[in-house]
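The primary structure of each chain is shown beneath.
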Amino acid sequence: MDEMEEELKCPVCGSFFREPILLPCSHNICLACARNILVQTPDAESPQSSRASGSGLSDYDYLDLDKMSLYSEADSGYGSYGGFVSAPTTPCQKSPNGVRVFPPAGPQPPAQHHLLGGHQGSLPPIPRNSCITCPQCHRSLNLDERGLRGFAKNRVLEGVVDRYQQSKAAALKCQLCEKSPKEATVMCEQCDVFYCDPCRLRCHPPRGPLAKHRLVPPAHGRVSRRTSPRKISTCTEHELENLSMYCVQCKMPVCYQCLEEGKHGTHEVKALGAMWKLHKGQLSQALNILSDRATEAKEFLVQLRNMVQHIQENGVEFEACLVAQCDALIDALNRRKAQLLTRVNKEHEHKLKVVRDQISHCTVKLRQTTGLMEYCVEVIKENDPSGFLQISDALIRRVHMTEGQWGKGTLTPRMTSDFDLTLDSGPLLQTIHQLDFVQMKVPAAPMLQLEECCTINNSATLSWKQPPLSTIAVDGYILELDDGNGGQYREVYVGTETICTVDGLHYNSTYMSRVKAFNDSGVGQYSKILAMQTSETGQSPCDMQTLATVAWFTFDPASAHPDIILSNDNLTVTCNSYDDRVVMGNSGFSRGVHYWEITVDRYDNHPDPAFGVARGDVLKDVMLGKDDRAWAMYVDNNRSWFMHNNSHTNRTDGGVGKGATVGVLLDFTRRVLIFLINDEQQGPVAFEGIEGLYYPAISLNRNVQVTLHTGLPIPDFYTPGEADLSGSVC
């Protein structure tokens, strides 16, 4: 009951209601608080006229946004919406509930005088043209000569506050404890006794006759034990009269005198007790709906709290994963750094070795050259010509040889001091700057948009979308349908579109459909399965005379023999070969009753065209009916035969020519195939035991051209068989 506490507090004082009065706007306020927020308007002026004159504009003119009269003809006084002309500079106040309230018009009277009735001598008189504004909806109204007594007392609210305050009082004590009574834990409604746990086990065991007693919490028991009589409400206009009737038009209780003398005399009234029960029932129904919403809200809050916990857990886990990944990148960079430093050190050592070797070599040669130079200088100093000439030639050759050894790059460094290594860090820096999160989760299950899914004839259109809160990237969708008989699913569409129409389905079949999304990370979950029913009949399934399915189809160029020539939107067909070639319709049938016709547009040299039905894998380069996968009637200009698996039966007189019409009637309810020529049945029933999936088919050569007509009703002479209506609802 703690959640109810705010409903029991006055929006002005923030405390529990004391002597609450009910305003016409259905909000409540304490009687004392109502006196405190009264505002006086100038004599002979309504609040609107005061504001229109431009004098005394208050800080509350924002209330003009909600101008509204609150009083109907059933209300006494004049309802209006006005500005406040007293204390215009006083700031507004806020109650502890956070509701804006308005300053009093004058000195506040003592709290003990705030009574709805009482002696007029002890109450400060209410000024004329007093105005009160609801602190919750901010609607204003003028008071009549009765003042606040014109408002009804809300005795129901007063009783609820009283019971709530009693339930919050000191804990009840056990009535059976002999010394130091303990706090009561339960109360027996039948025994009318409060028990603590030990006394309940000892004196009120849950067995025998006591097992049927109802134990309730002490607070509930205390409320049920209240014996205070119900206060009888009196009329606000006739204080001596009790409220006994209910005015339906004004929606308020009235007394007998109001009906005799007041404005309610011509209104519809009902018994107060009956309306009390009616409104209680309506409130109970509304409360049940609200209770369901509250239950859903509680479950939703639990879901949100669980989400908070999951978000926190996932956040910690994701942060740890991110740190680990970044640390792995840093480790890899450090390892690469060590490898590059090793290469730099090797280059450094190589350069030093080369330069040092060159220094050592040059030093040796320079020492030898210097020694030769000093020796030659000393030889030149000798004055013995014959001795000089003995060695001069050899010395000259040595000097030239030594000088030649210093040429050809000997005095050029073998190594530069620069390092010819440049670290290409640009791509790596760009990659680091582009480092971001990528979607690695599979998509969520798509949502089928039921309002856009439909079937027309033997085509089904499905539409879907991603869940509203899903942020996972989707590369495409996969749509799957079963075979219409509860078989395995097969893919019928793969792509990026979110709507798809599937043609060529079986008539009178229920297909199960589902869709899933995929991206680079994989394939997501399937959507919910949607059952789609293709067309059954053109009329009600209960009408056995109209079980024929009105089906529209054409010849199928994809499955036709290459020699077949189609025109007229695939409705007219001929052939460029003298041999018979087969073409089938683009729709297959497995249920219902179907009828179509073929008109002969051209008939030369007495060919034998064949008309009938076939399986999907029928041979296309022979006459229809030559194999065991076709059931046909072939006909010339004089007679016809039925043929299946190259077996000819039931020769019948009557052929075709230019302008003739051949009809094919396929009835799955009786499992028969019948042929017609020029609206007359040709021979007996051609084939029986027809079941499975069949396609309309014909075979012809270049001497024949025919045109297909579909969407036709069955012939009048034919009565369809009993259909299986176990799944139909009439």
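One can find the structure itself at the top, above this paragraph.
The numbering scheme is per chain: residues are counted from 1 as the chain's sequence reads. Where totals are concerned, whole chains, interfaces and linings use all residues; where local detail is concerned, this predicted model gives features only for residues with pLDDT of at least 70, and gives and counts side-chain atom pairs only at 80 or more. Only hydrogens and water are set aside when side-chain values are computed; all heavy atoms of the structure are taken into account.

Draft legend 1. Focus on the sheet that holds strand β30 (residues 639-644). Following DSSP output, two strands are said to pair if at least two bridges run between them. Counting from the N terminus, the helices are the DSSP runs of H or I reaching at least four residues and the strands are the DSSP runs of E reaching at least two. Taken together, the 6 strands give an open sheet; going across it, the order is β26-β36-β28-β29-β30-β31, and neighbouring strands pair in antiparallel fashion. Edge positions in the sheet fall to β26 (581-584) and β31 (647-653), since each has one partner strand and no second. Pairs of neighbouring strands in the sheet enclose a mean axial angle of 20 degrees, with direction left out of account. To get an axis, fit a line to the C-alpha atoms, keeping to the stretch in contact for a helix; angles then go from 0 to 180 degrees between the N-to-C directions.

Draft legend 2. Region of interest: unusual backbone geometry. At K251, a position not held by glycine, the phi torsion is positive, near 60 degrees. Checked against the element boundaries, K251 lands in the loop between β12 (243-247) and β13 (252-255). The exposure class of K251 is exposed, given its relative accessible area of 64%. You will see that H606, though not glycine, has its phi angle at about 55 degrees, which is positive. Taking relative accessible area as the criterion, H606 reaches 52% and is therefore assigned exposed. Residue exposure (1.4 Å probe, protein chains only): buried if accessible area is under 20% of the type maximum, exposed if over 50%, otherwise partly exposed.

Draft legend 3. Quick look at the sheet that holds β12. Read across the open sheet, the 3 strands follow the order β13-β12-β14; overall the sheet is antiparallel. In this open sheet, the two edge strands, each paired with only one partner strand, are β13 and β14 (269-271). Strand-to-strand twist in this sheet, taken as the mean axis angle between neighbours without regard to direction, amounts to 50 degrees. In this sheet, β13 lies alongside β12 in antiparallel orientation, the contact comprising 4 bridges. Following the sheet pairing, M245 is matched in β13 by V254.

Draft legend 4. Quick look at the nonpolar core. Among the nonpolar cores identified, the biggest contains 38 residues, and W596, L666, L673 and V706 are the most heavily contacted of them. No other element matches strand β27 (residues 593-603), which puts 4 residues into this core. Setting aside chain neighbours within four positions, we find L673 in contact with V613, W631, V664, L665, L666, V685, A686, F687 and I690. By convention a nonpolar core is built from buried Ala, Val, Leu, Ile, Met, Phe, Trp, Tyr and Cys residues, the set being connected through side-chain atoms within 4.5 Å. Contacts are assigned to residue pairs with any non-hydrogen atoms lying within 4.5 Å of each other.

Draft legend 5. The packing of aromatic side chains, seen in detail. Each Phe, Tyr or Trp ring (for Trp, its six-membered ring) is paired with any other whose centre lies within 6.5 Å, and the angle between the two planes then decides the class: stacked below 30 degrees, edge-to-face above 60, tilted in between. Within the structure shown, the criterion is met by 11 aromatic pairs. A centroid spacing of 5.7 Å and a plane angle of 70 degrees characterise the contact between F553 and F589, whose relative ring orientation is edge-to-face. Residue F553 is located in the loop between β23 (530-533) and β24 (564-567), and its partner F589 is located in the loop between β26 and β27; the two are separated by 36 residues in the primary sequence. In this structure F589 comes out as buried when scored by relative accessible area, which is 0%. Seen from their ring centres, F668 and Y694 are 6.1 Å apart, and the 40 degrees between their planes marks the pair as tilted. Placement of the pair is F668 in the loop between β32 (661-667) and β33 (672-677) and Y694 in the loop between β35 (687-688) and β36 (695-700), with a sequence separation of 26 residues. Accessibility assignment for this pair places F668 and Y694 in one class, buried. Cluster of aromatic residues (ring-pair linked, three or more members): W464, Y477 and Y493. Remark: a charge is flagged as sitting over a ring if the NZ atom of Lys or the CZ atom of Arg is within 6 Å of the ring centre and within 35 degrees of the ring normal. Positioned over the ring face of F16 is K9, at 5.9 Å from the centre of the ring. Positioned above the aromatic ring of W406, the side-chain terminus of K365 is 4.9 Å from the ring centre.

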